[in-house]
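Tertiary structure, described
Chain by chain, the residues run as shown.
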Amino acid sequence: MELVVVMRSTATADDKAAVEQRMADMGLAAHRADGEFRTMISAVGTIAVDSTQQLEQLVGVDRVIAVTQPYRLASRELHEADTIIDIKGIRVGGPHVNVIAGPCAIESRDLLFEVGKAVKDAGASILRGGAFKPRSSPYSFQGLGLDGLKLLAEAGNELNMPTITEVTDPRDVEVVAQYADIFQIGARNMQNFNLLLEVGKTDKPVFIKRGMSATITELLMSAEYVLSQGNHRVILCERGIRTFADEVRFTLDVSAVPVIQQRSHLPVFVDPSHAAGKRDLVPALALAGVVVGAAGVIVEVHSCPEKALCDGPQAVLPARFRKLMEELRQVAELAGHRVTAWGDKNSSHRRVESGGWMS
Ligand code: PEP
Ligand code: MN
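The shown structure was predicted, so the numbers you read here are calculated from the model rather than taken from an experiment. (Residues numbered from 1 in each chain as written. Chains lettered and ligands numbered in written order. Predicted model: local features only at pLDDT ≥ 70, side-chain atom pairs only at ≥ 80, totals over all residues. Heavy atoms only, no water.)

**Notes on the overall build of the chain**
- What the chain contains, in helices and strands, is 11 helices and 17 strands.
- For the chain, whose C-alpha radius of gyration is 22 Å, the value lies close to the compact-globule estimate of 21 Å for 359 residues.
- For the chain, the C-alpha atoms occupy an extent of roughly 70 × 45 × 45 Å along the three principal directions.
- Counting over 359 residues, the chain shows a buried share of 54%.
- Partitioning the contacts of the chain with sequence separation of at least 6, the portion at a separation of at least 24 is 68%.
- For the chain, the exposed area adds up to about 15400 Å²; of that, 51% sits on carbon and sulfur atoms.
- Between the centroid of the 39 positive side chains of the chain and the centroid of its 44 negative side chains there is a distance of 4 Å. (Helix = DSSP H or I, 4+ residues; strand = E, 2+ residues; numbered from the N terminus. Rg over C-alpha atoms; globule rule 2.2 N^0.38 Å. Buried < 20%, exposed > 50% of the residue type's maximum accessible area, 1.4 Å probe, protein only. Contact = heavy atoms within 4.5 Å. Areas by Shrake-Rupley, 256 points an atom, 1.4 Å probe, with all protein chains shown as cover. Lys, Arg positive; Asp, Glu negative; His and termini not counted. Charge placed at Lys NZ, Arg CZ, Asp CG, Glu CD.)

Here it is in structure tokens:
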């Protein structure tokens, strides 16, 4: 078990040293982390109940927490309130429900702007578009790369929407940061630890998709890699896992949403598009995600999916997306609850945010 002593912001250097000394006397190897606002002193080992109570009484100690999970910065045990991330004025997490939409891949300027305008008009708050596509086959379209990033930045500026795009290689982190507002870590790269460390060194939000065979704990450990580098702007995404169900591309694990919310303060989205693999199933899964408390959905939209270079069968048409936005707004109002760490219902009001009508 791990013990974390959270110091008060007013604690002095002597107070901190006294806590470290006391832990050493208890036979614990203390590790100190000086944050911007607070210092945390932690130790792993066999910890007696008395030790917790004794440490709690030392001068400058705010509280002592016993961490039972392998992740800690991602855990609600250390950070009880929902994390809310501000991305160019769009708030993600807590009571806010956001819709990210756009094409799977940036194929051309015309397509990106056409779809971008359509999703913006319908009320999506963040624009998606892949420039580096991690395809299962090396012979499939791999994305436009840098040219795609430039188009995405142009569309984001013109439409006044923050943008998200996938980064697949630690060497591309710098260039992607220049052009996009949010890093997407794809399901296939969820455990690319060097990539996670690299995006963790930036100050841009990181949207981590659950690997198709990853457990929830593994997803939270991936978040921990980013958080451990000082980047606290992490968003998680359930995008479907492998099961024996073969009618859909992947099985959307809706239970992952409340389970993650119990264990972590980080916002969690669902991706109905990659889970369904078929456009006619996307609206139902998107609504299901919001009903179970997701902080938002990420949806692939294409104006001519039969010509799409990537993921055409799962792309919804702009008209259907517009209708889905209306349905999502209604469901978010109705399902105005979040499951808390204790399984209680917390009746904070939730609504779908949009670039269009969010004040
Ligand atoms: C995508 O968002 O286009 C994508 C490739 O998703 P995933 O990593 O979940 O397969
Ligand atoms: Mn896709």
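**Regarding the site of ligand 1**
- Looking at ligand 1, the residues that line it are Cys104, Arg128, Lys133, Glu166, Gln184, Gly186, Ala187, Arg188, Lys209, Arg239, His274 and Glu300.
- Within the contact set of ligand 1, an oxygen atom lies 2.9 Å away from a side-chain nitrogen or oxygen of Lys209.
- A distance of 2.7 Å separates an oxygen atom of ligand 1 from a polar atom in the side chain of Arg239.
- Protein contact buries 97% of the 300 Å² of open area that ligand 1 shows by itself.
- Of the residues that constitute the shell around ligand 1, the class distribution is 2 nonpolar, 3 polar and 7 charged. (Near = heavy atom within 4 Å. Polar contact = N/O pair within 3.5 Å; in protein donor to acceptor, adjacent residues only side chain to side chain. Nonpolar A, V, L, I, M, F, W, Y, C, P; charged D, E, K, R; others polar.)

**Observations concerning the coordination of the manganese ion (ligand 2)**
- Bound to the manganese ion (ligand 2) on the protein side are Cys104 (SG), His274 (NE2), Glu300 (OE) and Asp311 (OD), at distances that span 2.0 to 2.4 Å.
- Counting residues between consecutive donors of the manganese ion (ligand 2) along the chain gives the motif C-x169-H-x25-E-x10-D. Of this pair, Cys104 sits in the loop between β7 (96–102) and α3 (109–122) while Asp311 is found in the loop between β14 (296–300) and α11 (318–334), placing the two residues 207 residues apart along the sequence. Each member of the pair Cys104 and Asp311 is classed as buried. (Donors = N, O, S within 2.8 Å, 3.2 Å for Na, K, Ca; no water.)

**What to know about the packing of helix α6 (residues 193–200) against helix α7 (residues 216–227)**
- Two numbers describe how α6 lies on α7: the axes approach to 7 Å, and their chain directions differ by 45 degrees. When the axes of α6 and α7 are compared, the pair comes out oblique. Listed contacts from α7 to Phe193, Leu196, Leu197, Val199 and Gly200 of α6 are Ser222, Tyr225 and Val226.
- Here the contact of α6 with α7 is composed, by residue class, of 6 nonpolar, 2 polar and no charged. (Axes fitted to C-alpha atoms, helices over the stretch in contact; angles between N-to-C directions. Parallel < 35°, antiparallel > 145°, perpendicular 65-115°, else oblique.)

**Digging into the pairing of β7**
- Burial analysis of β7 places 7 of its 7 residues in the buried class, the great majority of the element.
- Of the two faces of β7, both are covered, the one formed by His96, Asn98, Ile100 and Gly102 as well as the one formed by Val97, Val99 and Ala101.
- Two strands pair when backbone bridges link them, and β7 and β14 are joined in this way by 5 bridges, in the parallel orientation. Note on β14: the bridge partner recorded for Gly102 is Glu300. (Pairing = 2+ DSSP bridges.)

**Observations concerning the pairing of strand β9 (residues 163–166)**
- The alternating pattern of β9 places Thr163 and Thr165 on one face and Ile164 and Glu166 on the opposite face, and all of these are buried.
- Where strand β8 (residues 126–128) lies against β9, 2 bridges are found, and the strand directions are parallel. Bridging across to β9, Arg128 finds its partner in Ile164.
- Crossover handedness for the path β8 to helix α4 (residues 146–159) to β9: right-handed. (Right-handed = clockwise from strand over helix to strand, strands pointing away.)

**Overview of the nonpolar core**
- Membership of the largest hydrophobic core comes to 67 residues, with the highest contact counts inside it found for Val119, Ile208, Leu236, Phe321 and Leu328.
- Setting aside chain neighbours within four positions, we find Leu236 in contact with Ile208, Leu219, Leu220, Ala223, Ile260, Leu266, Pro267, Val268 and Phe269.
- Formed by 14 residues, the second largest nonpolar core is a distinct cluster that contains Ile85, Ile182, Ala295 and Ile298. (Core = buried A, V, L, I, M, F, W, Y, C linked by side-chain atoms within 4.5 Å.)

**Some thoughts on the pattern of salt bridges**
- Applying the stated rule across the entire model yields 18 salt bridges.
- Linking Arg109 and Glu154 is a salt bridge whose minimum nitrogen-to-oxygen distance equals 2.2 Å. Within this pair, whereas Arg109 is found in helix α3, its partner Glu154 is found in helix α4, the two being separated by 45 residues in sequence.
- For Glu154, a relative accessible area of 30% translates into the label partly exposed.
- Glu327 is the salt-bridge partner of Lys323, the closest N and O atoms lying 3.7 Å from each other. Pair noted here: Lys323 and Glu327 are both in helix α11, with a separation of 4 residues, about one helical turn.
- Members of the salt-bridge network, linked through shared partners, are Glu20, Arg32 and Asp34. (Salt bridge = Lys/Arg side-chain N within 4 Å of Asp/Glu carboxyl O.)

**As for unusual backbone geometry**
- The phi angle at Lys88 is positive, at roughly 50 degrees, despite the residue not being glycine.
- Tracing the chain through its elements places Lys88 in the loop between β5 (85–87) and β6 (90–92).
- Its identity as a non-glycine residue notwithstanding, Asp311 has a phi of 55 degrees, on the positive side.
- Residue classification places Asp311 among the buried residues on the basis of a relative accessible area of 15%.

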